[in-house]
Structure formats: structure tokens, C-alpha cells
Amino acid sequence: MPKLDLNTIEPRIGSDYPAPFDAPCKIRSGLRLSDAGGLTQFGANLITLPPDAWSSQRHHHSAEDEVVYIISGRPTLYEGAEGIPLSPGDVTVHPMGDGIGHHMKNETEADVTFLVIGGRNPETDHAVYPDIDLDLPANGTAKRVYQRKGGAVYEGG
């Protein structure tokens with residue numbers, strides 16, 4: 001099965017962030033390409049951001065690299081307050097452990113589509129969200145739980 005039929009992959013809409021942090025990502029859509037192909041060493045996702053959608057909350061990883069390739073549309077990459085405009089064909093890289101929070105916003109009137117490829121190390125990766133009271137520490141298992149920066153687990157988590 002080397003060729004995936006994208007029409008048969010169930011899109012994942014939104015995010016698994018607890019409320020209210022899920023709001024900017026609620027209309028984002030993603031196809032989990034690596035899962036559909038049975039891959040386990042890295043994640044590859046085809047993401048579509050409608051106008052006003054965010055790719056994620058701004059975050060960085062301790063043990064997972066990420067690379068993003070813009071296919072269509074013109075998102076804005078944020079690593080801080082200043083946005084960096086991106087265009088089709090642009091590539092961004094986010095090395096693990098760099099401590100630089102990043103995410104993209106679609107601030108245009110057209111959809112944005114991009115491919116994101118990253119590590120899969122939930123047992124050892126700590127995802128940090130510098131702007132909000134959200135933390136996703138490694139816990140030695142593949143099932144991590146969102147918590148507040150003080151350690152309290154979010155309801156329903």
C-alpha cells in the first residue's frame with residue numbers, strides 16, 4: 001500500500017486541547033498520513049486551516065523535531081509577537097529543545113494547506129506552551145495528559 005487514497009482517510013477536525021485553548025483550532029482539519037500508512041517512527045499530517053484558524057497553540061518540544069512545508073495559501077508563522085509571512089513552497093524547521101515556541105495562523109480569506117512531519121516520542125517529549133496555562137509533560141507512556149503549569153490535570157483529561 002505505498003499510495004494512500006486521501007479520500008478514504010477520515011479527517012480529524014479541531015484539536016484535543018482543553019477548553020478554552022481549543023477554540024482557535026476548532027475548525028482546523030488534518031489527515032493523519034503516517035497513521036493511515038501504518039508508520040510509527042514519525043508523524044506526517046496534511047493540515048488545512050480555513051480563514052481565522054490556528055495550527056496549534058504556540059508551543060515547543062523537548063524531544064520532537066518538526067518540519068513544515070507550505071503547499072497552498074499564505075499563513076503567518078509566529079515565534080513571538082512578530083509574524084513571519086509564508087508562501088507556497090516555504091519550509092520551516094523547529095528543532096527539538098530549541099525553546100522557541102511556534103505556531104501558524106491563517107489571517108487570510110483563503111484556505112492554507114501544509115504538510116507537517118515530526119517525531120513521535122510521547123514517552124520522553126515535554127511540550128511547553130509559553131503563552132497560556134497549559135503543559136504536556138512526558139510521563140513515560142504514549143498517553144500524555146494536559147495539565148496546568150502548576151501540575152493540576154484539566155477536567156476530562
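Everything numeric in this text was worked out from a predicted model, so none of it was measured.

J.: Just give me the short version of the side chain of Arg144, but keep the residues and values in it.
T.: Structurally, the position occupied by Arg144 is in the segment after β12 (134-136). With a relative accessible area of 18%, Arg144 lands in the buried category.

J.: An account of the sheet that holds strand β7 (residues 83-85) is requested, with residue identities and associated values reported.
T.: An order of β7-β6-β9 is seen for the three strands of this open sheet, with the pairing classed as antiparallel. Across the chains shown, the open sheet's two edge strands, defined by having one partner strand only, are β7 and β9 (103-105). Strand-to-strand twist across the sheet, computed as the mean angle between neighbouring axes with direction ignored, equals 35 degrees. Sheet analysis places strand β6 (residues 76-78) next to β7, joined by three bridges and oriented antiparallel. Looking across to β7, one finds that Leu77 is bridged to Ile84.

J.: Describe the environment of Arg58, listing the residues and the values that go with them.
T.: Along the polypeptide, Arg58 turns up in the loop between β3 (42-49) and β4 (60-61). Between the C-alpha atom of Arg58 and that of Tyr129, which follows or precedes it by 71 residues, the distance is 5.9 Å. What Arg58 contacts, discounting residues up to four positions off in sequence, is Tyr78, Glu79, Gly80, Gly101, His102, His103, Val128, Tyr129, Pro130 and Asp131. Within the structure, Arg58 has its side chain in polar contact with the backbone oxygen of Glu79 (distance 3.0 Å). One polar contact links the side chain of Arg58 to the main-chain carbonyl oxygen of Gly101, over a distance of 3.3 Å.

About the thresholds
- Residues numbered from 1 in each chain as written.
- Predicted model: local features only at pLDDT ≥ 70, side-chain atom pairs only at ≥ 80, totals over all residues.
- Heavy atoms only, no water.
- Helix = DSSP H or I, 4+ residues; strand = E, 2+ residues; numbered from the N terminus.
- Buried < 20%, exposed > 50% of the residue type's maximum accessible area, 1.4 Å probe, protein only.
- Pairing = 2+ DSSP bridges.
- Axes fitted to C-alpha atoms, helices over the stretch in contact; angles between N-to-C directions.
- Contact = heavy atoms within 4.5 Å.
- Polar contact = N/O pair within 3.5 Å; in protein donor to acceptor, adjacent residues only side chain to side chain.

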